[in-house]
Amino acid sequence: MTTPLRIASWNVNSLRVRFEHVLRYLEQAQPDVLCLQETKVEDHKFPAEALAAAGYPHQLISGQKTYNGVAILSKHPLVDPQLGFTVPHPAGLDDEQRRMVAATVSGVRVFCCYVPMGTAPGHAKFTYKLQWLARLRGELNQLAATEPVLVCGDLNVALGELDTWDAVSTDGSILCHPHERMVLRKVMDWGLHDAFRALHPDERTYSWWDYRGGAYPRNRGFRIDYVLLSKPLLERCVASRTWADTRAWEPTASDHIPASVDLS
DNA sequence: ATGGTAGTAATACTA
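Predicted, not measured: the structure shown is a model, and the values here were computed from it.

Visitor: Requested: an account of the pattern of salt bridges, with residues and values cited.
Guide: When their charged atoms lie close together, side chains carrying opposite charge are able to pair. This structure, assessed with the given rule, holds 9 salt bridges. With a shortest N-O distance of 2.8 Å, R223 and D163 are connected by a salt bridge. Of this pair, R223 sits in the loop between β11 (221-222) and β12 (225-230) while D163 sits in the loop between β8 (149-154) and α4 (167-170), and the two are 60 residues apart along the sequence. Taken individually, R223 and D163 each receive the classification buried, so the pair is uniform in this respect. For the salt bridge of R223 with D194, the shortest nitrogen-to-oxygen distance reads 2.6 Å. Highlighted residues: R223 in the loop between β11 and β12 and D194 in strand β9 (residues 192-194), separated in sequence by 29 residues. Across the pair, exposure class does not vary: R223 and D194 are buried alike. A cluster of three or more residues bridged by salt bridges with shared partners is formed by D163, D194, R197 and R223.

Laid out in structure tokens, this is it:
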């Protein structure tokens, strides 16, 4: 018997604004690994020393000015770090958007993803979203689903009826369009399982509430932040949860809350 | 009720 490995993911919507919240969450949840999205900070401004002092000396960061930005913080060494996709872009284009990093931690290949939101179905950014997810599937195709693989992050898709505050009124709109659901399913068809849904098949839980329209006080949320596990990791998964209290933290919290798994 | 709020950075742009 050993202590489970806790791996968490959180879209913080600016690491510099949310820095105190991140420290508070690390102290409270004590994850072994925290994957961050929307850090919105260039690498040379990343608060690396302060996070190392908080117990997370192993860091993989890929940021940019203003938008996007992802990072992995870890108590344990990060092996084979990867910045973005290794599989070339299908059209030969360079994607400047910093949306994915990956590393192996305690034998687990961890992908930290910030999937494009897509603006609205039919929009050019929606096409980019679908292509980005297809490229993620291509990346996974390089690996074997019998390996311990974890894909987490803000996936910006609400997969099912329990993952949206109102399945009828949100159906077909962004986060809930059949095309994006189908493409995320194709990613998962590689051999990934939604850890939270596997352990809580009937639980209605959200991970994101829009700042606008009083969505949080009205509980108009969506579950769009996931931890996906390959089968050998699903068999080791003893807990999967979200951390809803963070959404009410002051000052203004991220519009997303963390999601985590515990692996025996 | 295609609005609303938040972050970045400088009047929009993205979410």
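Visitor: I'd love a proper account of the packing of aromatic side chains, names of residues and values included.
Guide: Geometry of an aromatic ring pair is reported as the spacing of the ring centres plus the angle between the planes. According to the stated counting rule, one finds 7 aromatic pairs in the structure shown. Ring geometry for Y25 versus W243: centroids 5.3 Å apart, planes at 85°, classification edge-to-face. Here the residue Y25 occupies a position in helix α1 (residues 19-29), and W243 occupies one in the loop between β13 (237-242) and β14 (259-263), the gap between them amounting to 218 residues. Each residue in the set W10, Y25, W243 and W249 is aromatic and connected to the rest through ring pairs, giving one cluster. Positioned above the aromatic ring of W249, the side-chain terminus of R24 is 3.9 Å from the ring centre. Between the NZ or CZ atom of R241 and the centre of the ring of W243, over which it lies, the distance is 3.4 Å.

Visitor: Outline the packing of helix α3 (residues 124-140) against helix α5 (residues 178-188), listing residues and values.
Guide: One way to put it is that α3 packs onto α5 with a least axis distance of 9 Å and a crossing angle of 10°. On the basis of the axis angle, α3 is roughly parallel to α5. Mapping the contact onto sequence places F126, K129, L130, L133, A134, L136, R137 and L140 in α3 and H179, E180, V183, L184, K186 and V187 in α5. When grouped by side-chain class, the residues that make up the contact of α3 with α5 number 9 nonpolar, 1 polar and 4 charged.

Visitor: Provide a residue-level description of the protein's contact with DNA strand B, including the pertinent values.
Guide: Taken together, 17 residues lie around DNA strand B, and S14, R18, K65, T66 and R212 are the ones closest in. One of the backbone nitrogen or oxygen atoms of Y211 is found 3.3 Å away from a sugar or linking oxygen of DNA strand B. Contacts to DNA strand B include R212, whose side-chain N or O atom sits 3.3 Å from a base nitrogen. Looking at the surface near DNA strand B, its residues break down into 5 nonpolar, 6 polar and 6 charged.

Visitor: Summarise unusual backbone geometry; cite the residues concerned and give the values.
Guide: In this structure, the amide linkage connecting E250 to the following residue, P251, adopts the cis form with an omega of -15°. With respect to the element layout, P251 can be found in the loop between β13 and β14. Phi is positive for E38, which is not a glycine, with a value near 55°. Residue position: E38 is located in the loop between β2 (33-37) and α2 (48-53). For E38, a relative accessible area of 13% gives the class buried. One non-glycine residue, L175, adopts positive backbone phi at about 85°. Checked against the element boundaries, L175 lands in the loop between α4 and α5.

Rules and cut-offs
Residues numbered from 1 in each chain as written. Chains lettered and ligands numbered in written order. Predicted model: local features only at pLDDT ≥ 70, side-chain atom pairs only at ≥ 80, totals over all residues. Heavy atoms only, no water. Salt bridge = Lys/Arg side-chain N within 4 Å of Asp/Glu carboxyl O. Helix = DSSP H or I, 4+ residues; strand = E, 2+ residues; numbered from the N terminus. Buried < 20%, exposed > 50% of the residue type's maximum accessible area, 1.4 Å probe, protein only. Phe/Tyr/Trp six-rings, centres within 6.5 Å; stacked < 30°, edge-to-face > 60°. Lys NZ or Arg CZ within 6 Å of the ring centre and 35° of its normal. Axes fitted to C-alpha atoms, helices over the stretch in contact; angles between N-to-C directions. Parallel < 35°, antiparallel > 145°, perpendicular 65-115°, else oblique. Contact = heavy atoms within 4.5 Å. Nonpolar A, V, L, I, M, F, W, Y, C, P; charged D, E, K, R; others polar. Near = heavy atom within 4 Å. Polar contact = N/O pair within 3.5 Å; in protein donor to acceptor, adjacent residues only side chain to side chain.

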